[in-house]
Amino acid sequence: MGELYKISSIEWKPSPVIALANSVDGLRVAAARQDGSLELWLVSPGSIGWHCQLTIHGDPNKRVSSLIWCPGGSIEMPCGRLFSSNIDGSISRWDLFHLKQTTVLDSDGVSIWQMAVTPPKSFVINDVMNGDHLGNGYASKFNKSDEHGETSESAEDSDSPDPLKQSVNEYPRVAIGLDDGCVRIYAISDTDEFIYVKSLPRVKGRVLSVTWSTDSNFIYSGSSDGLIRCWDAVLGNEIYRITAGLGGLGSGQELCIWSLLSLRSGTLVSADSSGSVQFWDSKHGTLLQAHSLHKGDVNALAASPSHDRVFSAGSDGKVILYKLSSQSDSSDGINSSTMVRRWIYVHYVRAHTHDVRALTVAVPISQEDTLPDEKIKRARREEKPIEFSYHKWAHLGVPMLISAGDDTKLFAYPVKEFTKFSPHDICPAPQRTPIQLVLNTAFDQSSMLLVQSSHWLDVHLLHPRNVRTSYILKKEKRNVNTAGGFAKTEILARVKSKASRKIICSAISNSGVLFGYSDHVKPSLFELKRCEVGKITWSVSKRKLPQRLPFAHSMVFTHDSSWLIIAGHDRRIYVVDIASSELVHTFTPCRELQDEELPPTEPPITRLFTSSDRQWLAAVNCFGDIYVFNLETLRQHWFISRLGGASVTAGGFPPQNSNVLIATTSSNQVYAFDVEAKQLGEWSMRHTFVLPRRYQEFPGEVIGLSFPPSANSSSVVVYSSRAMCLIDFGLPVEQDDSGMLKTQDSMARNLQNFNVKKRTEYGKNFAVSPLDNPVLFLAHISKNSFLMIDKPWLEVVRNLEAPPVHRHIFGT
């Protein structure tokens, strides 16, 4: 593919995952990280489609302790409403439509360890609102439903004569375990108000875990004094208590009950700091089984939807499966036998290098929406898929276990085939560092990098080194000789955010002179200058922007660096003239072009692309819809509904044809649009729905694309964190050779067995090349050379704050 220059020195430090929760419809998983950010992941039925649909940058001072999804709401969404409890004692609502965190219950100074919501009476997988299949998207705010999610309520609650209590009991209820030893019960109204119901008697120690019985009549709490208590949820009195240390390895007040799980069979499962997982008869509080297989604290529990499998995870990095088994017992008599049901240990997997903090079970996404003219063409999907091991168990509707922890990774496991297949690495490059490259800048035509960290921006000068090198694929021992080498960078400037506020987005102009960022307060613009005299050779000065600009989710400069375009959190797009510091125009994205003058109703814009002739602006919202604006007439030109129900992962306008918009999606599809004609381009009409299978099974999700800076090139390079692929729109699309891909034991071995040399030599279109290390960024620096910024994962692990799992060596 040409010369490849590598940089591995860019700082990259992802944040640990501390809580997980699956949505009400079972199709999405929320992951809260230690730095205050929250990610919403779409659950996939295959090795492709794992997609971080959106990220909300929350308050890092409100560290999340637990997450819950709750049905209902004023605008009901199938995924439900998402709330978090925080260590500072407050509770937050995560608005998935406006991408913001809001406090719904203020702190009273007592930390919250965990909260649990009442289970619904009925649960329907893949719920679809009438007339509007949501696919991977969001609920239309015009589609209000009269039927809110049902919540459990006890017979005592329903008989209450108090009208106020009756209305409160119609709402979902949440139990909150507090640091002062209390459990408080609240009802969550349709307007997200937390209505106080009652407090249970305070106990000795901290309430670390809490869960409801499946009929919502009882609450179970576990505390730092080693006791599990059963409470009457209506009367508020304690029914019984269990000394957990008697069944496991722990003892007395030193034992912490970190997690509790209530099963439909009447079994209560506990996980504690001694490494024990214990199964109790919840009716009488008696011990059924005890397993002490973890070599450290057991932090999390999860159950399969059928409640006949239980998973535990802990500080030893293990995820362990226990299964309910029926055994015959004939000890009662000669001719009589009874069936005894026991929880038995089955198997463990250790995919994580650090403590596992959270577990949840979710269900793969339903079949994606299809465009009207594409339904027949997609009949090819009924063919037998390529037999990557992951495809053997990841089918529609198959429950999947997801684990996360201090190593910042998320892994997915088949619930029913847990012992047969390896876990799938959902995000090989978690919290990838945003990087932008500009070529031929105003500074001696040099190339520059803008690297965005959490609290500062770095501007680097790029110095490629022309050194011939040889890259060797591990285990293959095949040389892929490529001219290139390791590039060197020189940092020119570092700009820190004010008051250490977290940076949401950033951009650099093609001239390299201007760059900017936005935090949670406002956007800022800077100018880079070279000083001809004195010891300081580079300086940064702040430029003026129009007042009252909202903070942004995305920003971009036009190709000639004259305008700065900002996608505000208020769901409007602002065009700013840099020379005059004045607001040129404000766009309001809309579905119907006649609605441009109405208030904003669309989701926030999270991606912006501009054409090289400065005519077109493409804006993508967080759910995958595309809005195209004409910057000459300052009007919206076109609305493109979400592509096959999938989110847009990358896009751009080729420099040689500004009327073409290229977009890739989370389902690993490639689309070429004719913007002027408002239709799919000729290439897409012929090829988009019959792409080679080797690309459909592209390792990982496409996270970026790069066009060669050439006026006569028709190609683009797309890349994931695991591989890169050359797509030439001027070459025929050839289907795969038979037997090119072999069935292997793991996805990693499949990546290493791609014949990179063969594909490159023959110039095959859609040639896929695997990459050794997680890739943060890849782009052309000339027509036939690339810059790749990657990082060996072991280096990332070594720099994490949390210590890795200590694996005991026999005899030491």
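None of the values given here were measured: they were computed from a predicted structure.

Trainee: Describe the overall build of the chain, listing the residues and the values that go with them.
Mentor: Within the chain, the secondary structure is distributed over 7 helices and 57 strands. Within the chain, the proportion of its 812 residues that are buried is 58%. At a minimum sequence separation of 6, the contacts of the chain that also span at least 24 residues come to 56%. A total accessible area of about 33800 Å² is found for the chain, and carbon and sulfur atoms account for 49% of it.

Trainee: Got a sec to walk through the environment of Lys-100? Specific residues and values, please.
Mentor: In this structure, Lys-100 sits in strand β9 (residues 100-105). Taking C-alpha positions, Lys-100 is 9.5 Å from Thr-55, a pair spaced 45 residues apart along the chain. Leaving out residues up to four positions away in the same chain, Lys-100 has contacts with Ile-56, Arg-93, Trp-94 and Asp-95.

Trainee: For the sheet that holds strand β40 (residues 552-557), give the residues involved together with the corresponding values.
Mentor: The 4 strands are arranged β40-β41-β42-β43 in an open sheet whose pairing can be described as antiparallel. At either margin of the open sheet sits one strand with a lone partner, and together these are β40 and β43 (582-587). Pairwise comparison of adjacent strand axes, ignoring direction, gives a mean angle of 20° for this sheet. Two elements, strand β42 (residues 573-577) and β43, share 5 bridges in a ladder whose sense is antiparallel. Bridging across to β43, Asp-577 finds its partner in Glu-582.

Trainee: Pulling in residues and values, what's your account of the packing of aromatic side chains?
Mentor: One pass over the structure, following the stated rule, counts 21 aromatic pairs. Here Phe-83 and Phe-194 contribute two aromatic rings whose centre-to-centre distance is 5.4 Å and whose plane-to-plane angle is 75°, an arrangement assigned as edge-to-face. Of this pair, Phe-83 sits in strand β7 (residues 81-86) while Phe-194 sits in strand β13 (residues 194-199), and the two are 111 residues apart along the sequence. Judged by its relative accessible area of 0%, Phe-83 falls in the buried class. Relative accessible area serves as the criterion here: at 7%, Phe-194 is assigned to the buried category. Ring pairs connect the aromatic residues Trp-683, Tyr-695, Phe-698, Phe-729 and Phe-766, which therefore count as one cluster. Here the basic side chain of Arg-93 rests over the ring of Phe-83, its NZ or CZ set 6.0 Å away from the ring centre.

Trainee: Describe the nonpolar core, with residues and values.
Mentor: Judged by nonpolar contacts, the single largest core of 32 residues is most densely connected at Met-448, Phe-515, Leu-528 and Leu-564. With near-sequence residues (within four places) excluded, Leu-564 lies in contact with Leu-525, Leu-545, Met-555, Val-556, Phe-557, Tyr-574, Val-575, Val-576 and Ile-578.

Trainee: Outline the pairing of strand β17 (residues 238-243), listing residues and values.
Mentor: The pairing of strand β16 (residues 227-232) with β17 spans 5 bridges and is antiparallel. Counterpart to Cys-230 in the pairing with β17 is Tyr-240. Hairpin connection of β16 to β17: 5 residues between the antiparallel strands, including Gly-236 at a positive phi of 85°.

Trainee: Kindly report on the side chain of Ser-312, identifying the contributing residues and their values.
Mentor: For Ser-312, the position within the fold is in strand β23 (residues 309-314). One polar contact links Ser-312 to His-294, side chain to side chain, over a distance of 2.8 Å. With residues up to four places along the chain from it excluded, the contact list for Ser-312 reads Val-277, His-294, Val-298, Ala-300, Leu-301, Lys-318, Val-319, Ile-320, Tyr-322 and Leu-359.

Trainee: Could you give me a rundown of the environment of Phe-786, with the residues and numbers involved?
Mentor: Tracing the backbone shows Phe-786 in strand β57 (residues 785-790). Take Phe-786: its relative accessible area is 4%, and that puts it in the buried class. Residues Phe-786 and Glu-3, 783 residues apart in the sequence, show an inter-C-alpha distance of 6.1 Å.

Trainee: Which residues make up the side chain of Ser-506, and what are the values?
Mentor: Here Ser-506 lies in strand β36 (residues 505-508). There is a polar contact of 2.8 Å between the side chain of Ser-506 and the side chain of Gln-452. Discounting residues that sit within four places of it in the chain, Ser-506 has contacts with Gln-436, Leu-450, Gln-452, Leu-457, Gly-516, Tyr-517 and Met-555.

Trainee: Summarise the confidence of the model for the chain; cite the residues concerned and give the values.
Mentor: Mean pLDDT over the chain stands at 82; residues scoring 70 or higher make up 79%. Counted against residues more than four places away or in other chains, residues 123-164, with its pLDDT under 50, gives 103 contacts. pLDDT under 50 marks residues 466-482. Its contacts with residues more than four places away, or in other chains, come to 38 contacts.

Trainee: Could you give an account of the sheet that holds strand β18 (residues 257-262), naming the residues involved and the relevant values?
Mentor: Judged by pairing direction, the sheet is antiparallel, and its 4 strands sit side by side in the order β18-β19-β20-β21 without closing on themselves. Strands at the two margins of the open sheet, each flanked by one partner only, are β18 and β21 (286-291). Across the sheet, the mean angle separating the axes of adjacent strands is 20° when strand polarity is ignored. Here strand β19 (residues 267-272) runs beside strand β20 (residues 277-281); their pairing, made up of 5 bridges, is antiparallel. Looking at the pairing, Val-269 lines up with Phe-279 of β20.

Trainee: I'd love a proper account of the environment of Val-310, names of residues and values included.
Mentor: Residue placement: Val-310 occurs in strand β23. The buried category is assigned to Val-310, whose relative accessible area is 0%. Excluding its chain neighbours within four sequence positions, the residues that come into contact with Val-310 are Leu-261, Leu-263, Val-269, Phe-279, Ala-302, Ala-303, Ile-320, Leu-321, Tyr-322 and Trp-343.

Cut-offs applied
Residues numbered from 1 in each chain as written. Predicted model: local features only at pLDDT ≥ 70, side-chain atom pairs only at ≥ 80, totals over all residues. Heavy atoms only, no water. Helix = DSSP H or I, 4+ residues; strand = E, 2+ residues; numbered from the N terminus. Buried < 20%, exposed > 50% of the residue type's maximum accessible area, 1.4 Å probe, protein only. Contact = heavy atoms within 4.5 Å. Areas by Shrake-Rupley, 256 points an atom, 1.4 Å probe, with all protein chains shown as cover. Pairing = 2+ DSSP bridges. Axes fitted to C-alpha atoms, helices over the stretch in contact; angles between N-to-C directions. Phe/Tyr/Trp six-rings, centres within 6.5 Å; stacked < 30°, edge-to-face > 60°. Lys NZ or Arg CZ within 6 Å of the ring centre and 35° of its normal. Core = buried A, V, L, I, M, F, W, Y, C linked by side-chain atoms within 4.5 Å. Polar contact = N/O pair within 3.5 Å; in protein donor to acceptor, adjacent residues only side chain to side chain. pLDDT = per-residue confidence, 0-100.

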